[in-house]
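Per-entry structural report
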Amino acid sequence: MENIIEIFIYIHAFFGGIGLITGIGSIIVRKGKLNHKRLGKWFTWSMIISSAISLIIARLPTHRNTFLFLVGIFTIYMILAGNRALTFKSVKKTEANLIDKLVSGTMVISALLMIGFGITGLLNGYSHAILFLFFGLIGLFLPYGDYKLFKNTLKNRKLWLIYHLSRMLGALIASVTAFIVAGMKYDTLWAWMIPSVIGTVYIIYWIKKVKGKKKLKTA
């Protein structure tokens, strides 16, 4: 069994590495162009595969880890939500469909579980439980943003790009965090939290930049 788990870990790390490289690459190249779209697809599939495998590993004997399991769901949510936001670019799409709602709803449930585990852990003196609360509160806030996209996309066509950027950059933050914690072996509270703090500042910068543009293309 341990040999099988080790293979899973290597595959998980391999695709996580590809996700990290292609994610950084998609930021460097010009947005909206062919290279950006290609790198975005590689980033999407690499992160989904890596995160899906992490869900399996986190439930296997001797590697059971509820926090990593929920973080895996968090990462998959950001990738899916980031790609679903692109569908709102088209003026033909006037409202959220079932898939959009299921993606956001799954994140709400996961976030509530994180918050519950965080509160319980802190009450029992487990200091690292603050990570459950940290990511749980972020995870609860993001679907609220999805709701705003679903409700107001007809009034503000910039929203699809804002939410696409924020969710995909959020997934990249998750990739960077995984590299620091697992790859560089810095499994500390600060290692888990600092990439999210710095990344959030970068996301805010991009949101303000997008809002400053006069017009966005629609399909």
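Below you will find a few notes about this structure.

Turning to the packing of aromatic side chains, a few remarks are in order. Taken as a whole and assessed by the stated rule, the structure comprises 12 aromatic pairs. Aromatic side chains Phe 67 and Phe 135 sit 6.1 Å apart centroid to centroid with 55° between the ring planes, which places their arrangement in the tilted category. Taken together, the positions of Phe 67 in helix α3 (residues 66-86) and Phe 135 in helix α5 (residues 130-152) put the pair 68 residues apart, joining distant regions of the chain. Assessed through its relative accessible area of 9%, Phe 135 is described here as buried. Considering the side-chain rings of Phe 74 and Phe 135, the 6.2 Å spacing of their centres and the 85° angle between planes classify their relative orientation as edge-to-face. Placement of the pair is Phe 74 in helix α3 and Phe 135 in helix α5, with a sequence separation of 61 residues.

This next bit is on a positive patch on the surface. A cluster of basic residues, Arg 30, Lys 33, Lys 37, Arg 38 and Lys 41, forms a positive patch at the surface. On the basis of relative accessibility, which here comes to 59%, the residue Lys 41 falls in the exposed class.

Counted at 1.5 Å a residue, the expected span for helix α7 (residues 189-211) with its 23 residues is 33 Å, and the 33 Å between its end C-alpha atoms agrees. Three or more residues of α7 are buried, namely Ala 191, Trp 192, Met 193, Pro 195, Ser 196, Gly 199, Ile 203, Trp 206 and Val 210. Turning to α7, the residues buried within the fold contact α3, α5 and α6 (159-183).

One pass over the structure, following the stated rule, counts three salt bridges. The shortest N-O distance in the salt bridge between Arg 84 and Asp 100 comes to 2.7 Å. Taken together, the positions of Arg 84 in helix α3 and Asp 100 in helix α4 (residues 98-123) put the pair 16 residues apart, joining distant regions of the chain. Overall, the relative accessible area of 2% leaves Asp 100 in the buried class.

In this section: empty space enclosed by the protein. Following the criterion strictly, the structure yields one cavity of 30 Å³ or more and no others. Size it by volume and the largest cavity reaches roughly 80 Å³. Lining the largest cavity are Tyr 77, Ala 81, Arg 84, Ala 85, Phe 88, Asp 100, Val 103, Ser 104, Asp 146, Leu 149, Phe 150 and Tyr 163. Elements with a contribution of two residues or more to the lining of the largest cavity: α3, α4 and α5. At four residues, the largest contribution of residues to the lining of the largest cavity is made by α3.

Contact geometry of α3 with α4 gives a least axis separation of 10 Å together with a crossing angle of 150°. Judged on the interaxial angle alone, α4 and α3 are roughly antiparallel. You can see that α3 and α4 cross each other, and the crossing is left-handed. Touching Thr 66, Leu 70, Val 71, Ile 73, Phe 74, Tyr 77, Leu 80, Ala 81 and Arg 84 of α3 are Ile 99, Asp 100, Val 103, Ser 104, Thr 106, Met 107, Ser 110, Leu 113, Met 114 and Phe 117, all from α4. Of the residues contributing to the contact of α3 with α4, the split by class is 13 nonpolar, four polar and two charged.

About the cut-offs
- Sequence order as written defines the numbering, with residues in each chain counted from 1.
- Where totals are concerned, whole chains, interfaces and linings use all residues; where local detail is concerned, this predicted model gives features only for residues with pLDDT of at least 70, and gives and counts side-chain atom pairs only at 80 or more.
- Based on all heavy atoms of the structure, the side-chain values leave hydrogens and waters out of the count.
- Ring pairs shown here join Phe, Tyr and Trp side chains whose ring centres sit within 6.5 Å, with only the six-membered ring taken for Trp; geometry is labelled stacked below 30 degrees between planes, edge-to-face above 60, and tilted in between.
- Think of it this way: any DSSP run of H or I at least four residues long counts as a helix, any run of E at least two long counts as a strand, and we number them from the N terminus.
- Categorising residues by exposure relies on relative accessible area from a 1.4 Å probe, with only protein chains included: less than 20% of the type maximum marks a residue as buried, more than 50% marks it as exposed, and the intermediate range marks it as partly exposed.
- Like charges are joined within 9 Å and nonpolar side chains (Val, Leu, Ile, Met, Phe, Trp, Tyr) within 5 Å, but only among residues with over 30% relative accessible area and no salt bridge; these make up the patches.
- Here the open area of atoms and residues is found with the Shrake-Rupley method and a 1.4 Å probe, where only the protein chains shown may cover a residue.
- Salt bridge, as applied in this entry: a Lys or Arg side-chain nitrogen positioned within 4 Å of an Asp or Glu carboxyl oxygen.
- His is not counted here, nor are the chain ends, while Lys and Arg score as positive and Asp and Glu score as negative.
- Every charge is mapped to an atom, namely NZ of Lys, CZ of Arg, CG of Asp or CD of Glu.
- Multiply 1.5 Å by the residue count of a helix minus one, and that product is the helix's expected span.
- Note on contacts: a residue pair qualifies if any of its non-hydrogen atoms lie within 4.5 Å across the two residues.
- In this analysis, the protein atoms alone were mapped onto a 1 Å grid. Cavities are point sets where a 1.4 Å probe fits without being able to get out; pockets are open sets with protein on both sides within 12 Å along at least five of seven lines; lining residues have an atom within 4 Å of a point.
- Grid points are joined across faces, edges and corners, and a volume is the space filled by probe spheres set on the points.
- Lines fitted to C-alpha atoms define the axes, with helix axes restricted to the stretch in contact, and inter-axis angles between N-to-C directions lie between 0 and 180 degrees.
- Reported orientations rely on four angle classes, namely roughly parallel under 35 degrees, roughly antiparallel over 145, roughly perpendicular from 65 to 115, and oblique for the rest.
- Definitions for this section: a left-handed crossing has its near helix turned counterclockwise from the far helix by less than a right angle. A right-handed crossing has that turn clockwise.
- Ten residues, namely Ala, Val, Leu, Ile, Met, Phe, Trp, Tyr, Cys and Pro, are considered nonpolar, four, namely Asp, Glu, Lys and Arg, are considered charged, and the remaining ones, Gly among them, are considered polar.

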